[in-house]
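The primary structure of each chain is shown beneath.
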Amino acid sequence: MNVFPNTRIDVRSRLTTLLSNPSNPLVVLQSSPGMGKTAIAKSIAADCDQQKRLGASFFFDKTGAKRSTDSGELFVSTLARQLAEYHPRYRNSLFQLLHNDSRLLSRSGVDQLKQLIIDPM
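This is a predicted model, so every value here is computed, not measured. (Residues numbered from 1 in each chain as written. Predicted model: local features only at pLDDT ≥ 70, side-chain atom pairs only at ≥ 80, totals over all residues. Heavy atoms only, no water.)

Student: Account for unusual backbone geometry, naming residues and giving values.
Tutor: As a rule of thumb, non-glycine residues mostly have phi less than zero, and peptide bonds are mostly trans rather than cis. Positive phi values are uncommon outside glycine, yet lysine 52 reaches one of about 60 degrees. The residue lysine 52 is located in the loop between α2 (37-50) and α3 (75-86) in this model. Overall, the relative accessible area of 65% leaves lysine 52 in the exposed class. (Helix = DSSP H or I, 4+ residues; strand = E, 2+ residues; numbered from the N terminus. Buried < 20%, exposed > 50% of the residue type's maximum accessible area, 1.4 Å probe, protein only.)

Student: Go over the pattern of salt bridges, please, and point to the residues and values.
Tutor: A full pass over the atoms with the stated rule returns four salt bridges. The salt bridge involving aspartate 119 is made with lysine 114; its shortest N-O contact spans 3.0 Å. Given the relative accessible area of 44%, aspartate 119 is considered partly exposed. A relative accessible area of 45% places lysine 114 in the partly exposed class. (Salt bridge = Lys/Arg side-chain N within 4 Å of Asp/Glu carboxyl O.)

If you want it as structure tokens, here you go:
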């Protein structure tokens, strides 16, 4: 079920086309505040999840309504956990890294992103 079914249908269609091309590993959605980026992204994420194509997602909530979604505190570890559930080879690589150095979870920022997400991929 699509979370926001009628949100920016033309933009969602173009982004979905870009994301279905394997040569586009990353697509950036950028515009002024209040233009519907989050609704579009959540809608596409819901579609991808339904199609079993979503490896991970994380949405910041500036209201702080959900624990730690108003900061980057759990960003990398949340993505790592979701990717581990989605992709068995990544999960094995991540578990091996954490077995060898459990301090990886206490690091932050770019170091944590590189060591927990990029390197194991």
